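Fold and geometry: a report
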Amino acid sequence: MIRGVAILWGGLVLALATGLFLLKYEVIALEDELAALNRAIATDREVIHVLRAEWSYLNEPGYLDRLAGRHLDLVPVGPERMAMLAALPFRPVSRPDKEGSGAAPEPLAPRVLNPGRADAVPLPGRKPAMAPATLVTLPLMTLGGRP
Amino acid sequence: MTGRLFPSRRRGQCVYPGAEIRDLAGRGTRHAARVALDSQVKVAIEVGRTRLVITAGVFLIAFLVIAVRLVDLMAVSGGRAPESVTASIPVARAVVHRGDILDRNGVVLATNLPTVNLYADARTVRDPDDTAARLVSVLPDLPFETARARLASGRGFVYLRRNLTPREQDLVNRLGLPGLEFEAAERRVFPQGRLAAHVLGATNVDNRGIAGIERAFDDRLGTDNRPLRLSLDIRVQHAVRQVLAEAVERFQALAGAALVMDARTGELVALVSLPDYEPEHYGAAPPEARFNRATLGVYEMGSTFKLINTALGLEVGGYRLTDGFDATHPLRMAGFAIKDFHAQGRWLSIPEILVHSSNIGSGKMALAVGGEAQKAFLNRLGLLSPVSIELPEAGVPLYPDRWRPINTVTISYGHGIAVTPLHLAGATAALVNGGVLRAPTLLRRAPGTVPEGRQVVSATTSDKLRQLMRLVVEEGTGARADVPGYRVGGKTGTAEKATDGGYRRKALMPSFVAAFPMDDPRYVVLAMLDEPKGLPETHGFATAGWNAAPTVGAIIARVAPLLGVAPRPATDGPPEGLRLAVAGGDEGVGEGRIGGARR
C-alpha cells in the first residue's frame, strides 16, 4: 500500500515537473512572439507616422492645385455654380387636359442586369419618353419669401 | 479511497513515533503492542516526542513560508501582478518626442520625423583624408575641408552631418569606414511648406520652438505628445495666401497681410503675412520675411477705423443714422487742414460719412462725442492693449499719451493710432456679430462651443453697422469687394505711411476689412497691402478701393464655398430704412444739418 502511495506521488511529481517544463517553454515562446509583435507594432507605428507626414506633404494644396491645373479641366467652384436643393424646380408634370396626351405614358419595364437569375441587379430606369409639347414647368415654390 | 489510503490515526495508542505503522487498518486482528513503561523512561520518551513535534512544527512553518512566498511570487507577483501585466504590454508609446501640430481638419502642419545623425569617433578613424574623400563622394554637399578637419580632430564625438535621409545612411553604411557612427535623431518637418509659416513659426536644430506656435507651445509640445489642433483650415489658408500673393505681385506691393476670422468664436481660419519663409530654413530667411505683419506689425489703419468711429457715434454718442455733420469745408485744427479724399462738399449723414469715407465728418463726430469717451471706447474694443493671440509675435498698439482734440480727430479716421491688422479684425468681428468681443485664437474650439465674450456694443448698434458696411460695398468705396450671393460688407482704409515727422503721400497702406454674409456674419476677412503701385487698369490709383477691396472680394469668392457659406440670390439693395437715411442727407431734407443734433 505504501508503495502505491509513493508511486502515485512520484507520478504526480513527474507529471507536474513535465507540465511545468513544457509550460515554461511555451511561455518563453509566447514572450518571444509578444516581443516580436510589439517590435512590429512599433515599426508600423513609426512607418504610419512617416506616411502621415508624407500624406500631408503630398496633399499640400498648392501642389494639388498645380497638378489639377496640369491634368484636369477643373476650376474653383464659384458662388454662381452653387444652388440649394430648395432652389431646384419641381419635376415637370404632364397636363391631362391637353389634347393628344389623354393617357399617361406606358410605364417602362424595369431594367435589370442578369434578369431571372439570383444575381440580378436593378439598373437606373430610362427617362420616360414624353412629348415636350405636353409638358409645363410649374412655377417655383417660393421658400422663405425668397425666389 | 482516502479513508483507505490515509486512515485516521488512533493517536491514543501510539506511545512513540512510528508506533502507529504497526497497527494500520487491514492488518487483521493483530493487536497493538501494549508496552508498559515505567515512569522514568516514559518521561524521557515524552521529552523526545515533544522536541520532535516542535522541530516538525518549525519545519512545517518554514515550508509553509516558502510555499506562500512561491505562490506569491509566481501567481501574485508580490502584490504587483496587475502592474507587471500592464508593464509587459507596451503602452502606445509616442513615436517621436514632440507633438504634432494639426489644422482644424487634422491635416499635419508640423511633425517630427525620425532621422539619423552621422557622427565620427575621430580616435578610431584610420585615415582622415581617405575617409573624408570617400564620405564626400556619397554626401556631395558636405565640404571636404570641414569633414577632413573634423575627422582629424582626434575627439571622441564630432558631428559630421545631421539628419541623413535613409538613402544617404545606406550609402554611408556601404562605405564600411571605421569610426563613422549613426545616432538616432528627430527632425521637425513642416509638410505644408511655407503655407502657414507665420502661424507655425520655426524650430532650431534641437527641435525647440523659436517662433510662432512652436515657441508659444514649446513646453506643451515637448512634454505632451497629443497633437495640438489649430483653428486654421489649410484649404482656406492656401486660397487666402494665393489670392494675396497674386495681389502683392500684381500691384507690386512690398508686402501684404490677410486673415479670415470666425466672427462668432474668434477662431482664425487663415492668417497670412507676405513675404513669408520656409519654416525649415528660418535662419536663412531675411528679417522682412520673418516679420509677421498680421499680428506683430502695428500700422495706422486709415479709414477702416471709421467703422469704429461710427460705432462710437451710434453707441456712445447716441446718434441716429439720420443725423449728420457738415463736411463742406476742411476741418482746421492745430495748424492742420483735414480734407476729404472723396470730397462731397456738403452736409453728410452718418451713413454718407462712412460710404464716402469723409474725414471731416468723422472728425466732427469724434469731437462731438469727446476724446475721453473715444479713448474709453477704443480700450473697450481692445485696441489699446497688446493683441490677444497665442503667438509670441503679438503687437503692442501705439497711441498718443496725451489725447488732445487733434488726436481725437485723426484717430477718428485711423491716423495717429497704430494697431495690428488682427486688432482691427477682432474689433470688426465684435461690431458685426451682435456686439460681443471675443479674443482671437489660433486654437480650435470644440464645435458648437462659443467662448465667453464681452458685450462691447449693443445688438442694435451692431445691426446698424452691418447695414452700413453692406452699404459701403453696394454704393461706396468698397464696391469691388462685392461677391454676388455672399452679401459682403466692409470698409476701405488707405493710410499714408508715416516717416519721421510726416506722412509720405505716395507710400500708401491700403486695407479692407469685410464681413460676410452681412445679414448674419460668419467670417471677417481683412486684407492689407504695403505700398501697392497704381496700375493703368486702376487709373493710377493705389487706394484701398482699387486693390485691397478686390483682393478681399477674391478671397471671399474662393473661401466662402470652402467654409460652407451658402450663396443666396442677391436681394435688391439694403433695407428701406437705410435708403431713407442716405436720402435724408440730401439737400433740402434738413434734419440736424450742422454738427448733428444729439438726441
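Residues numbered from 1 in each chain as written. Chains lettered and ligands numbered in written order. Predicted model: local features only at pLDDT ≥ 70, side-chain atom pairs only at ≥ 80, totals over all residues. Heavy atoms only, no water.

Let us now look at the packing of helix H15 (residues 371-380) of chain B against helix H16 (residues 405-412) of chain B. Residues and elements named next belong to chain B. Where H15 meets H16, the closest approach of the two axes is 9 Å, and the angle between their N-to-C directions is 45°. Taken together, H15 and H16 sit at an angle that is classed as oblique. In the crossing of H15 with H16, the sense of the turn from one axis to the other is left-handed. From H15, Gly 371, Gln 374 and Leu 378 reach across to H16, where they touch Thr 408, Ile 411 and Ser 412. Its residues placed into classes, the contact of H15 with H16 shows two nonpolar, four polar and no charged. (Axes fitted to C-alpha atoms, helices over the stretch in contact; angles between N-to-C directions. Helix = DSSP H or I, 4+ residues; strand = E, 2+ residues; numbered from the N terminus. Parallel < 35°, antiparallel > 145°, perpendicular 65-115°, else oblique. Left-handed = near helix turned anticlockwise from the far one by under 90°. Contact = heavy atoms within 4.5 Å. Nonpolar A, V, L, I, M, F, W, Y, C, P; charged D, E, K, R; others polar.)

What follows is about H16(B). All names here are of chain B. By the criterion of burial, H16 is predominantly enclosed, with seven of the eight residues buried. For H16, the secondary structure elements touched by its buried residues are helix H12 (305-315), strand E11 (331-333), strand E12 (336-338), helix H14 (359-369) and H15. Directly beyond the C-terminal end of H16, a positive phi value near 80° is found at Gly 414. (Buried < 20%, exposed > 50% of the residue type's maximum accessible area, 1.4 Å probe, protein only.)

We now examine the pattern of salt bridges. Any two side chains of opposite charge can pair, on the condition that their charged atoms come close. All names here are of chain B. Across all of its chains, the model carries 29 salt bridges over all chains by this definition. In this structure, Asp 129 and Arg 148 form a salt bridge, with 3.5 Å as the shortest nitrogen-oxygen distance. Here Arg 148 lies in helix H5 (residues 144-151) and Asp 129 lies in helix H4 (residues 128-138), a separation of 19 residues in the sequence. Judged by its relative accessible area of 39%, Asp 129 falls in the partly exposed class. Under the relative-accessibility criterion, Arg 148 is labelled partly exposed at 27%. With a shortest N-O distance of 2.6 Å, Arg 226 and Asp 224 are connected by a salt bridge. Here Arg 226 falls in the exposed class, since its relative accessible area comes to 55%. (Salt bridge = Lys/Arg side-chain N within 4 Å of Asp/Glu carboxyl O.)

A few words now on the interface of chain B and chain A. Tallying the contact residues gives 33 residues for chain B and 23 residues for chain A. When the two sides are added together, the surface that chain B and chain A hide from each other amounts to roughly 2400 Å², 66% of it contributed by carbon and sulfur. At the boundary of chain B with chain A, the tally comes to zero salt bridges. Of all elements in the fold, only strand E2 (108-120), helix H10 (234-250) and helix H19 (548-562) of chain B reach the threshold of two or more residues within the side of chain B that touches chain A. Counting residues per element, the side of chain B that touches chain A draws most heavily on E2(B), at five residues. (Buried area = accessible area lost by both parts, 1.4 Å probe.)

It is worth stressing that arrangement in space is one thing and function is another; only the former is reported here.
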